[in-house]
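Here is how the chains run, residue by residue.
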Amino acid sequence: MTFQTETLDTFLDLEPLHEPRADQGFRVVHPLYDAPEAKRSAEGLGPIQLTPACRIALVAVRCYLAAILLMGAWRAATFLLRR
Amino acid sequence: MTHLNDVSKAAPGIQPQPGDFLSRTRVVKSPWMQRLLTFLMVFGPGLIVMEADNDAGAVSTYTQAGAQYGLKLLWLLILLLPVTYFCQEMVVRLGIATGEGHAVMIYKRFGKWWGRFSLFDLQLVNFFTLVTEFAGISLAFAAMGVSPWVSVPAATAGLITLVLTGSYLRWERITILLCLLDATWFLLGWKSGFGAAQVARNSVLPSMPDGGLSFDYIFLVIATVGTTIAPWQLFFQQSCVADKKLRFKDLNASRWDTFIGAVFTVVVAGGMMLAGAWLFRQHLPYTDPAQMAMAMGPRLGPAVKSALLMLMVNASILGTTAVSLSSAWAWAEVKGWDRSLQLSFRQAPGFYLTYIGGVFLAAAIVLIPRAPLQAIILGVQVLAGVMLPSALVFLQILLNDRELLGDRFVNRPWNNRVNWLIIAVMFALSAVLAAQVMAPGLFPAQAA
């Protein structure tokens with residue numbers, strides 16, 4: 001059985017090539033050598049919309065980091081006082 | 001018979017690696033062959049990110065867990081398998097959906113303050129982790145009679161050469177090979193002489209150590225959790241997915257890659273724990289993995305000793321390349337520099353210099369006589385403890401960003417329930433670990 005080869009134009013036209021075609025079989029293209037696809041972009045989006053759970057989690061992160069900083073300061077202070 | 005047809009010659013604009021089966025465009029006759037080939041082409045980042053986490057620190061933690069408590073902590077590894085998979089699956093989705101790394105996504109969606117916080121935290125903890133990786137290389141080679149002044153520069157040169165070839169695929173395949181070498185841990189675990197039934201029972205049934213519950217045990221549990229899920233993994237896999245240019249349709253194959261990586265890593269970690277448990281069974285003391293190898297040599301043979309020491313080196317090499325790359329990718333993303341293992345040094349100097357600079361500096365610190373390595377190891381634990389919960393929260397919030405990801409990639413309600421539970425547990429464990437290290441007098445003295 002022989003397979004028909006593609007021209008560059010049809011090769012870069014991604015979508016139709018991934019459809020199974022009886023005369024050509026199924027095409028597999030390595031992601032590194034495939035035509036780039038339009039990704040989801042953050043450009044032009046406003047500030048991130050937070051759900052209530054996400055808002056609580058972000059507050060928890062802030063409290064947690066503050067607690068860690070206080071513990072670090074306490075550790076440094078006790079270390080210096082002992083010396 | 002399935003036919004494969006190389007069509008790269010028909011597409012002169014596309015430049016696959018010459019003579020390379022899996023990098024060429026193929027036409028296959030059967031859909032199952034298409035799925036298999038696609039999976040093999042996508043396979044890599046998931047296995048690497050998982051197995052590279054079995055680094056020098058992990059070898060130390062898992063073997064110590066085995067040496068101190070025998071098989072009593074095996075169940076924890078099984079429990080951590082879905083946890084580590086769920087965390088990494090989220091970065092796969094985010095990476096495939098946006099084609100961008102984790103650091104730059106935090107900058108774009110949370111603003112400069114949180115972006116700088118995440119980046120600074122990542123670079124700091126990664127750098128200290130690198131120092132521990134080089135300490136592992138130095139320790140293992142010293143046990144084989146090789147001076148650190150030879151082993152550390154040689155490892156540095158190898159690690160730099162590994163990424164400077166200008167081929168993502170070459171780096172990925174060499175790294176996958178190194179990952180697969182870690183399967184030897186499974187054989188070492190088997191050599192430790194525990195029965196399959198005993199291993200299976202301890203893997204699924206949590207049990208208390210013989211002396212009862214102690215803080216020592218609790219902290220080893222926390223250390224095991226902290227070793228299995230690390231902040232750099234989130235940054236690494238998302239950047240790696242972006243560098244490999246994985247497409248929307250690769251999502252399922254990439255999930256399988258990640259799942260296989262998680263299973264392989266847990267099996268290897270189990271092998272490390274079993275190897276350590278050999279000392280527990282023989283009532284021998286444990287100091288570090290190199291001492292363990294020296295203790296096992298006379299009883300189990302010189303091959304076991306050499307294998308253990310070489311596996312320590314392998315773990316450190318894997319950890320170093322992955323951690324350094326996560327730093328270099330993150331830094332270059334935020335700076336807007338060109339960043340890809342597909343590019344040459346001339347095309348992406350900032351990206352490669354960040355990698356090389358980190359590796360050089362960490363190697364140099366290990367070569368300083370009487371460097372405070374113990375303090376650095378403690379620092380890594382604390383910083384990783386501080387960073388992990390916040391990194392997971394940012395990840396979870398990003399995966400709820402419907403405006404950015406759309407319905408296809410955003411978390412499902414069951415994803416959110418599972419992930420919030422994981423985050424809550426991580427918060428509690430990390431807080432206890434950080435509190436214990438920063439304020440050792442905070443908790444009562446250890447139980448017997």
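What counts as what
Residues numbered from 1 in each chain as written. Chains lettered and ligands numbered in written order. Predicted model: local features only at pLDDT ≥ 70, side-chain atom pairs only at ≥ 80, totals over all residues. Helix = DSSP H or I, 4+ residues; strand = E, 2+ residues; numbered from the N terminus. Rg over C-alpha atoms; globule rule 2.2 N^0.38 Å. Buried ≥ 20, exposed ≤ 12 C-beta atoms within 10 Å, placed from the backbone. Contact = placed C-beta atoms within 7 Å. Core = buried A, V, L, I, M, F, W, Y, C linked by C-beta atoms within 7 Å. Domains from an automatic or database assignment. Axes fitted to C-alpha atoms, helices over the stretch in contact; angles between N-to-C directions. Parallel < 35°, antiparallel > 145°, perpendicular 65-115°, else oblique. Left-handed = near helix turned anticlockwise from the far one by under 90°. Nonpolar A, V, L, I, M, F, W, Y, C, P; charged D, E, K, R; others polar. Expected span 1.5 Å × (residues − 1). pLDDT = per-residue confidence, 0-100.

**Quick word on the overall build of chain B**
- What chain B contains, in helices and strands, is 19 helices and two strands.
- In summary, chain B has a C-alpha radius of gyration of 22 Å against a globular reference of 22 Å for 448 residues, a match within 12%.
- Taken along its principal axes, the extent of the C-alpha atoms in chain B is 70 × 45 × 45 Å.
- Burial status across chain B gives 54% buried among its 448 residues.
- Considering only contacts within chain B whose residues lie at least 6 apart along the sequence, 82% involve residues at least 24 apart.

**Some details on the overall build of chain A**
- Helix and strand counts for chain A stand at three helices and one strand.
- Each helix and strand of chain A, placed in order from N terminus to C terminus, yields the pattern α-α-β-α.
- Out of the 83 residues in chain A, the part that is buried amounts to 18%.

**Re the nonpolar core**
- In terms of nonpolar packing, the biggest core is built from 147 residues, with V131, F134, M273, L308, M312 and L395 of chain B touching the most fellow members.
- The element contributing the most residues to this core is helix α15 (residues 302-335) of chain B, with 17 residues.
- Here this core gathers at least three residues from each of two domains, domain 1 (1-36) and domain 2 (49-83) of chain A.
- In this structure M273 of chain B touches Y62, A65, G66, L73 and L74 of chain B, once residues within four positions along its chain are discounted.

**What to know about the packing of helix α3 (residues 56-69) of chain B against helix α11 (residues 215-228) of chain B**
Residues and elements named next belong to chain B.
- Between α3 and α11, the shortest axis-to-axis distance is 10 Å and the interhelical angle comes to 150°. One way to sum up the angle between α3 and α11 is to call them roughly antiparallel. Crossing hand, α3 versus α11: left-handed. Seen from α3, the contacting residues are G57, A58, T61, A65, Q68 and Y69; seen from α11, they are Y217, L220, A223, T224 and T227.
- Across the contact of α3 with α11, the residue classes tally to six nonpolar, five polar and no charged.

**Observations concerning helix α12 (residues 231-243) of chain B**
Residue and element names in this part refer to chain B.
- Between its first and last C-alpha atoms α12 spans 19 Å; for 13 residues at 1.5 Å apiece the expected length is 18 Å, and the two agree.
- Within α12, 13 of the 13 residues are buried, leaving the element largely enclosed by the surrounding structure.
- Just downstream of α12, K245 is the residue with a positive phi angle, here 60°.

**Things to note about the confidence of the model for chain A**
Residues and elements named next belong to chain A.
- For chain A, the mean per-residue pLDDT works out to 72, and 71% of the residues sit at or above 70.
- Mean pLDDT per element in chain A: helix α1 (residues 8-12) is the minimum at 38, and strand β1 (residues 26-28) is the maximum at 85.
- Contacts for the low-pLDDT stretch residues 1-20, under 50 throughout, to residues beyond four places or in other chains number 28 contacts.

**What about helix α8 (residues 168-181) of chain B?**
- Between its first and last C-alpha, α8 of chain B extends 20 Å over 14 residues, near the 20 Å set by a 1.5 Å rise per residue.
- Turning to α8 of chain B, the residues buried within the fold contact α2 (45-52), α7 (148-163), α12 and α15 of chain B.

**Here we look at the confidence of the model for chain B**
Residue and element names in this part refer to chain B.
- Within chain B, residue pLDDT values average 88, and 91% of them lie at 70 or more.
- The element-level mean pLDDT for chain B is lowest in strand β1 (residues 4-6), coming to 45, with α2 highest at 97.
- For the stretch residues 1-19, pLDDT sits under 50, and the model shows 43 contacts to residues farther than four places along the chain or on other chains.
- Taken over the whole predicted complex, pTM reads 0.88, whereas the ipTM for its chain interfaces reads 0.84.

**Let's talk about the environment of A277 of chain B**
Residue and element names in this part refer to chain B.
- Position of A277 among the secondary structure elements: in helix α13 (residues 251-282).
- Residues A277 and S192 lie 85 residues apart in sequence; the distance between their C-alpha atoms is 7.5 Å.
- When residues no more than four places from it in sequence are discounted, the contact partners of A277 are G66, G70, L71, S192 and F194.

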